[in-house]
Structures are given as structure tokens and as C-alpha cells.
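# Report on the structure
Below, each chain spelled out in residue letters.
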Amino acid sequence: MKLTGIEMRRIRMPLVAPFRTSFGTETERDVLLLRAVTDEAEGWGECVAMSDPLYSSEYVEAAADVLRRYLVPALAARPPAAATAVAPALQRFKGHRMAKAALETAVLDAELRGSGRSFARELGATRERVPCGVSVGIMDSVPALLDAVGGYLAQGYVRIKLKIEPGWDVAPVRAVRERFGDEVLLQVDANTAYTVGDAPLLAALDPFGLLLIEQPLDEEDVLGHVELSRRVRTPICLDESIVSARAAADAIRLGACSIINVKPGRVGGYLEARRIHDVCAANGIPVWCGGMLETGLGRAANVALAALPGFTLPGDTSASDRYFRTDVTAPFVLEDGHLPVPAGPGLGVEPIPEILAEITTASEWLPL
Ligand SMILES: O=C(O)CCC(=O)N[C@@H](C(=O)O)c1ccccc1
């Protein structure tokens, strides 16, 4: 495979409704897509960085800059014969895992399309469809939350994740349990909004039979999560803290978590995500696939990853219409609470040209 260039393509996609978390409210996605052109095929990668450095230190303008000034030129200097050569060629540059993930994914997609292999097959998927959870943002009122949760359950989602923050935690969880019962698979995501001093408040969630509490403390407070896991019965799941397979192994050994949310963009790509899956499987730690409001391109790759055997909890692999009225690819549609794993070469999906043209805000060609 010979990589000839990378197109950086910015698209703007409005969300069907504002999505509020403990660190901010999203109303639209400004997404950086990468198109890798090789002598055999083209491939797509989606950078999951948000517009502002609020989930992590990355943001979309910085990703475009680091790709333009460092990452793509590094591949020009060391042309990758395969996607497995991309991460080593970028290793000397610190951080920027979401930018690196998008670049590796675009090269991997091109390589797989060229050889007729699917992402699912390449990653080691063992299922042809995956059960889907849904993430519910912080709402203006408990009644509004109950309406939203009722709607998602009616659509067939098999797991509900509630965003929480101090002042919006026990009450919404109690209300969902009282309205929808104890059988609904329910978990919460704090996005680092609490401190270990909040342990009694988080322990107040224990009677509600939650699957997990996701990332209650600061991403760097691994020992705080160890302390918290001794004072809270509900399993602790880490997200922002787990930036690599090494970080996963350390967190598991320290007892900082008993479940891990795997997000390929956060860890530098799908190949590292598979390594985290393997580390967790070796330690008996369940994993599930997190989401970053991806378009159908990133969604396709996430669904393939979620089909690996260690992904035993429903992920944030929702249908396209959870976030977008019109997706850039053919929409992912929930069927009996599941999404089908794309079986075609590479991602198995691609942008619909007319839609891509309509939502494109910028395009930049980076030759190798
Ligand atoms: O379904 C999705 O794609 C979103 C799932 C979700 O809640 N993502 C959260 C998260 O912290 O996990 C997030 C939202 C917005 C930005 C970054 C992350």
C-alpha cells in the first residue's frame, strides 16, 4: 500500500437536541474527517475531538494543526506500508491521541478496503449485531428527563446512561427507578465532576442497583478512585483516565476500577483499543464501547469494536437519529435494541457525496 495524501475535511452537523454534560452543552458537531488516499483505495477516519478542550485537552482546531504540521509530514518521512506502521511513526509526538486515532483509522480503512477485509474481521469481532445503550444528558427538570428516558426505552434501547453532576444525581436516578422499575439496565456518568470527599453522596446511589458509576473523579486522580471504590458499592468505571493499554493495566492493578469504557479516539486508535480489550479480558474486566457523538463513519468503527467478545456491556453505540436528523452515511437504525455490524470492506460505510458536499465547511489536501 502506498499512501499518496490526506484530505482534511471539516463538516458541521447540528444535533437534534442540545446534549448537556457536567462539562458543557453541545448543540452541533464541528467534525474533522480525514480521507486517506492510497494507490489501492481510499479510507476515512473521524476525529472525535470536540470544539473546545473540555472533555480532554484536545480540540478540533488543535487536531487539524497537529496533523498539518507534524503527524501527516511524519508519514511523508516514513511512508506506512500498513496501518500498523502509523502509530510507531507518530510515537515521538506527545499526546494528540484523537488526531492520531483519526489518521490511523483512515489509513486502516484504506488498507482494509484495498484487501476486502472488514473492520469487524480485522479487529476480531465475534458477533454480527450489538446491543445498544443510549446516553441521556442533564435535563432542565426530572419530568423532562423521564419523558426522554421513556422515549428511548420505547425505541428499544437496552441500557440507559444518565449524565450526572453535583445537584443532579440521586434525584434523577431515584425518579427513573420509580418510574421504570428495577429491571432497566441503568448507569451514570459524572465526567470527573466529583471529588473523593463526595464519597457519601456517591454511596447514596448504591441502593439503586446501577451497573456502574463512570469517571466520578478527575482523570488524573487514579488513587482517589481506589479510595472511592472502597467506600461505594456500585462498580466504578473509568473513561477519561484510560488513555492507553498501560493506563488500563495500571488502573486494574491498583483497583481503581472494575469496568472500563473503551473509546478508540481517547486511546489513539482502534488498534490500541483492541489492546485495551485484550488487557481487560486477561484480567476479567468487562468493557463497553463509549461514544463521542460520532457520525456514521466513527459509529461504524465503534459498532465493529463493540462486537469483540470482551465487550459484554451495552455501549453508547446508539442509532444515528439519537444525535443527527441526517447522518453523513446511510443511517444506523436500531433493530430490536441492536445495531448490525457493518460487513463490507473497511468501515463498510462511506459518506453520501451529496450530503458530504452540503455539510462541508472546509477541505485541505495534505500531500505526502
Ligand atoms: O452516544 C454518544 O456518542 C455520546 C456518549 C456520551 O455520553 N459521551 C460523553 C462521554 O463523556 O462519554 C461525551 C459527550 C460529549 C463530548 C465528549 C464525551
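Scoring rules and cut-offs
Residues numbered from 1 in each chain as written. Predicted model: local features only at pLDDT ≥ 70, side-chain atom pairs only at ≥ 80, totals over all residues. Heavy atoms only, no water. Helix = DSSP H or I, 4+ residues; strand = E, 2+ residues; numbered from the N terminus. Contact = heavy atoms within 4.5 Å. Salt bridge = Lys/Arg side-chain N within 4 Å of Asp/Glu carboxyl O. Buried < 20%, exposed > 50% of the residue type's maximum accessible area, 1.4 Å probe, protein only. Pairing = 2+ DSSP bridges. Axes fitted to C-alpha atoms, helices over the stretch in contact; angles between N-to-C directions. UniProt positions renumbered as here; feature names shortened; annotations may be inferred. Core = buried A, V, L, I, M, F, W, Y, C linked by side-chain atoms within 4.5 Å. Domains from an automatic or database assignment.

Tracing the sequence through the fold places Ser-135 in strand β5 (residues 133-136). Ignoring any residue separated from it by four or fewer positions in sequence, one finds Ser-135 in contact with Phe-19, Lys-161, Lys-163, Asp-316, Arg-322 and Tyr-323.

Applying the stated criterion across every chain yields a total of 23 salt bridges. Residue Arg-20 pairs with Glu-165 through a salt bridge whose shortest N-O separation is 2.9 Å. Here the residue Arg-20 occupies a position in strand β1 (residues 3-21), and Glu-165 occupies one in the loop between β6 (159-163) and α6 (170-180), the gap between them amounting to 145 residues. Residues Asp-189 and Lys-163 are paired through a salt bridge, measuring 2.7 Å at the closest nitrogen-oxygen approach. Placement of the pair is Asp-189 in strand β7 (residues 185-189) and Lys-163 in strand β6, with a sequence separation of 26 residues. This pair shows no difference in class: Asp-189 is buried, exactly as Lys-163 is. Within the structure, one salt-bridge network assembled from shared partners comprises Arg-159, Lys-161, Lys-163, Asp-189, Glu-214 and Asp-316.

Time to look at the sheet that holds strand β11 (residues 287-289). Strand order in the open sheet formed by 7 strands is β5-β6-β7-β8-β9-β10-β11, and the pairing between neighbours is parallel. A single partner strand is all that each edge strand has here, and the edge strands are β5 and β11. Across the face of the sheet, helix α11 (residues 270-282) comes into contact with β10 (259-262) and β11 while running at roughly 165° to β10.

Right, let's talk about the UniProt feature "domain: Mandelate racemase/muconate lactonizing enzyme C-terminal" (unreviewed entry) in the chain for a bit. Under the local residue numbering, the UniProt record ascribes the feature "domain: Mandelate racemase/muconate lactonizing enzyme C-terminal" (unreviewed entry) to residues 142-235. Annotation note: span residues 142-235, helix share 43%, strand share 13%, distance between end C-alpha atoms 25 Å.

Here we come to the nonpolar core. Within soluble globular proteins, side chains that are nonpolar tend to cluster in buried spots. One finds Leu-162 and Ile-260 to be the most contacted residues of the largest nonpolar core, which totals 123 residues. Counting contributing residues per domain, this core is built from domain 1 (3-116) and domain 2 (121-340), each supplying no fewer than three. For Ile-260, the contacting residues outside a window of four places in its chain are Cys-237, Leu-238, Ile-242, Ala-248, Ile-252, Ile-276, Cys-280, Ile-285, Pro-286, Val-287 and Trp-288. Residues Leu-212, Cys-237, Ile-259 and Trp-288 belong to the second largest nonpolar core, which totals 5 residues.

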